[in-house]
Amino acid sequence: MTDQSELEHFKDILNVYTNVVNYLIQHKAKFKPAKGGAAAHTAEDEKDDVSETYMTYEEANEIAERSKTGPGFAISLMKDGSKPRPKFVDFLRKYNLLSQGVLDDKKRLNQYFRVGGVPITLQIGAGYQFLMPAKTFINYGWVNINYIFDDSGVTALKCWIPKPQKFDLTNQRLNALVNRLAQDPNYKGLKQPVYEKRFAEFGLHDDAITPGLEALFNQFNALKVIAERNAREMADETNGIFGFARLKDKIDEAAIRPVQVKPEDAERTNRTAENLIFHGAPGTGKTFSVLRAAAELIAADNADESGATKELREILDKAEMSGGNDSSVDSITLFKVLQKNSRFEFVQFHPSYDYTDFVEGLRPVPVKADADSAGSADSADSTVPTGSGFALQAGTFMEFCARARKDSGHQYYFLIDEINRGDISNIFGELFFLLDGGYRGVGVTTQYANLHTKAFSDKYLNEEGKFDIPDNVTIVGTMNDIDRSVDSFDFAMRRRFRFIDINWQSSIELRFEGDTTAYPQLNKVKNLMARMNNAIAGADYPTLNADYALGASYFASMAQAESDEKYDEEKAVTWDQKIKPLLEEYLRGNVDGKAIGDLQNEWNKKDDKSASDKK
């Protein structure tokens, strides 16, 4: 759904930039070509207000040399990528291209050329290729809207993610991104990855928003979201880091979406879904990160106006105002608010958890003396009395799927914590078949089908009287790799889940998100974690390896210490109360105590304040 206020502001910005380009086209004679085809300024030109609006040839050349971009460098009319350059402001003022109220309010002006908090900049090949179409464009992250024009003015707009020129060695990152996008199903699923229309279709001077302008804006945003996600993933993969944005994207992408069966047959689609398991060492922040991601995805659904979702938005808005990382989100409060939301459910598997808890089963119910007061078999109650003190009851997952089935317009999120601690086969039963991403919406007969009444079927099953997992359900599990409660994870289940590793490096990003304001001792903690985990991974003890790494959650109090003295105090307490007991459990059977001694020596080394680049 398009945000109308953002669309209106996008229209205003587009109007300003188009007027700038049209003016420059009409007065391009004032810019005289220099040697090599560059647009240089002569001393006489410098007296002209228009030529002074932009960088001189020497200024542009200096920036280009410093940035190593060479010919073709495009000068942005924004300083530091977001604030209008002083000469550009003078130009806007002189030719009345922006209201005086905005121009006179510096704070407002610095925020004006933004949509959704993201700068939208006009770039012109100032010193080198002034007003060449390939170098005159509006930039929004990785996405461009190129101006196409002739001597009469702007004739068309082209929205796309540009492919770098073969000779442009400075754009290797963009080239890698473009190659990656070619494999992205969301990018391939766009009707027009390159959106180009005649300028008149955008109706910039019309009072109402035209369909052409709304389509341009939606394309702009769709390309930005896809490109930024891929760019983040490229950076994370290069650095071996799995941050919160990437984790949230994976959960969002796990929902059912159209996928082309054949490249040549774009109309024919199949539907698929992914079930995810985030796994890693204890303390890496897996469970809380999934909780937070589910909360943000539910809150971002503007079509959901339920009270529980509104309350969730309020919690997240307060967190964003105070920094936006998980230190500013009260985990207990967030969990309590999420539990009120019908679109979210949380269970934790354990050895005594079974099919009757998860799907359906006979459960104890109070036996009433009056048979009539116990209800009839066709009552709308969730239980079916048997007269023996037991009744058929829907399990947590069956109840959850019933809610999702009745609300197909919204995505639902089911989180299974410690998924490997339960007897997987006993818990899921025939649901193994339904967990396959290609079988969403396909019904099966459950084990207690002979006890299903009409009231029970109407409430919990599909129209055919069978149980299915609706299309709008996302299933996410978390697990610790070193958990000893089960010997192995069911291989049939492994085939039905995508496993994503959250290592200790990723836990730093998930827990702290690089916030040295909320975590003033963060660099010290990074260095200590690197030192300890490298020692654990390289330890010459059969019970220790990289799977036993220490996650960032153990170090939170240390990272928050306000002084070096407080840090040292927290470090001593953390060792005595958290790290040492944990390592002793890991090293049970190592009677000589040498391993603990060696690791304590690593712990006690002085921590460097400088940023760590250790992996």
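Scoring rules and cut-offs
Residues numbered from 1 in each chain as written. Predicted model: local features only at pLDDT ≥ 70, side-chain atom pairs only at ≥ 80, totals over all residues. Heavy atoms only, no water. Salt bridge = Lys/Arg side-chain N within 4 Å of Asp/Glu carboxyl O. Helix = DSSP H or I, 4+ residues; strand = E, 2+ residues; numbered from the N terminus. Buried < 20%, exposed > 50% of the residue type's maximum accessible area, 1.4 Å probe, protein only. 1 Å grid on protein atoms, 1.4 Å probe; cavity = no way out; pocket = protein on both sides within 12 Å on 5 of 7 lines; lining within 4 Å. Points joined across faces, edges and corners; volume = space filled by probe spheres on them. Nonpolar A, V, L, I, M, F, W, Y, C, P; charged D, E, K, R; others polar. Pairing = 2+ DSSP bridges. Axes fitted to C-alpha atoms, helices over the stretch in contact; angles between N-to-C directions. pLDDT = per-residue confidence, 0-100. Contact = heavy atoms within 4.5 Å. Phe/Tyr/Trp six-rings, centres within 6.5 Å; stacked < 30°, edge-to-face > 60°.

1. What to know about the pattern of salt bridges
Here is step 1 of the chain: Under the counting rule described, the total for this entry stands at 21 salt bridges.
Here is step 2 of the chain: Put simply, Asp 304 and Arg 343 hold a salt bridge, and the shortest N to O gap is 2.8 Å. With Asp 304 in the loop between helix H11 (286-299) and helix H12 (307-321) and Arg 343 in the loop between helix H13 (331-339) and strand S16 (344-348), this pair connects stretches of sequence that are 39 residues apart.
Here is step 3 of the chain: Classification of Arg 343 by relative accessible area gives buried; the value is 2%.
Here is step 4 of the chain: A salt bridge links Glu 305 to Lys 310; the nearest nitrogen and oxygen atoms lie 3.8 Å apart.
Here is step 5 of the chain: You can call Glu 305 partly exposed: its relative accessible area is 48%.
Here is step 6 of the chain: Connected through salt bridges with shared partners, the residues Arg 531, Lys 571, Glu 602, Lys 605 and Asp 607 form a single ionic network.

2. A short note on empty space enclosed by the protein
Here is step 1 of the chain: In total, this model carries 2 cavities of 30 Å³ or more according to the counting rule given.
Here is step 2 of the chain: In this model, the largest cavity occupies a volume close to 50 Å³.
Here is step 3 of the chain: If you go around the largest cavity, the residues you meet are Ile 251, Val 290, Ala 294, Phe 344, Tyr 413, Phe 414, Leu 415, Thr 474 and Val 476.
Here is step 4 of the chain: For the lining of the largest cavity, the secondary structure elements donating two or more residues are H11, strand S20 (412-417) and strand S21 (473-480).
Here is step 5 of the chain: Sorting elements by how many residues they give to the lining of the largest cavity places S20 first, with 3 residues.
Here is step 6 of the chain: Broken down by class, the residue content of the lining of the largest cavity amounts to 8 nonpolar, 1 polar and no charged.

3. Some thoughts on the sheet that holds strand S15 (residues 276-280)
Here is step 1 of the chain: One open sheet accounts for 5 strands, arranged S16-S20-S21-S15-S22; its pairing is parallel. Each edge of the open sheet carries a strand with a single partner, namely S16 and strand S22 (498-502). The average angle at which neighbouring strand axes cross in this sheet is 20°, direction not considered.
Here is step 2 of the chain: Pairing of S16 with S20 involves 5 bridges; the strand directions are parallel. Counterpart to Gln 348 in the pairing with S20 is Asp 417.

4. Examining the confidence of the model for the protein chain
Here is step 1 of the chain: Summary statistics for the protein chain give a mean pLDDT of 79 and a share of 75% for residues scoring 70 or more.
Here is step 2 of the chain: Confidence drops under pLDDT 50 across residues 30-74; counting only partners more than four residues distant or on other chains, this segment forms 83 contacts.
Here is step 3 of the chain: Long-range and interchain partners of residues 370-380, a stretch whose pLDDT sits below 50, account for 11 contacts in this model, where long-range means more than four residues apart.

5. Regarding the packing of aromatic side chains
Here is step 1 of the chain: What the rule picks out here adds up to 25 aromatic pairs.
Here is step 2 of the chain: For the ring pair Phe 397 and Phe 467, a centre distance of 6.2 Å and an interplane angle of 70° mean the geometry is edge-to-face. Highlighted residues: Phe 397 in helix H15 (residues 396-405) and Phe 467 in the loop between helix H18 (454-460) and S21, separated in sequence by 70 residues. For the pair Phe 397 and Phe 467, a shared accessibility class is recorded, and that class is buried.

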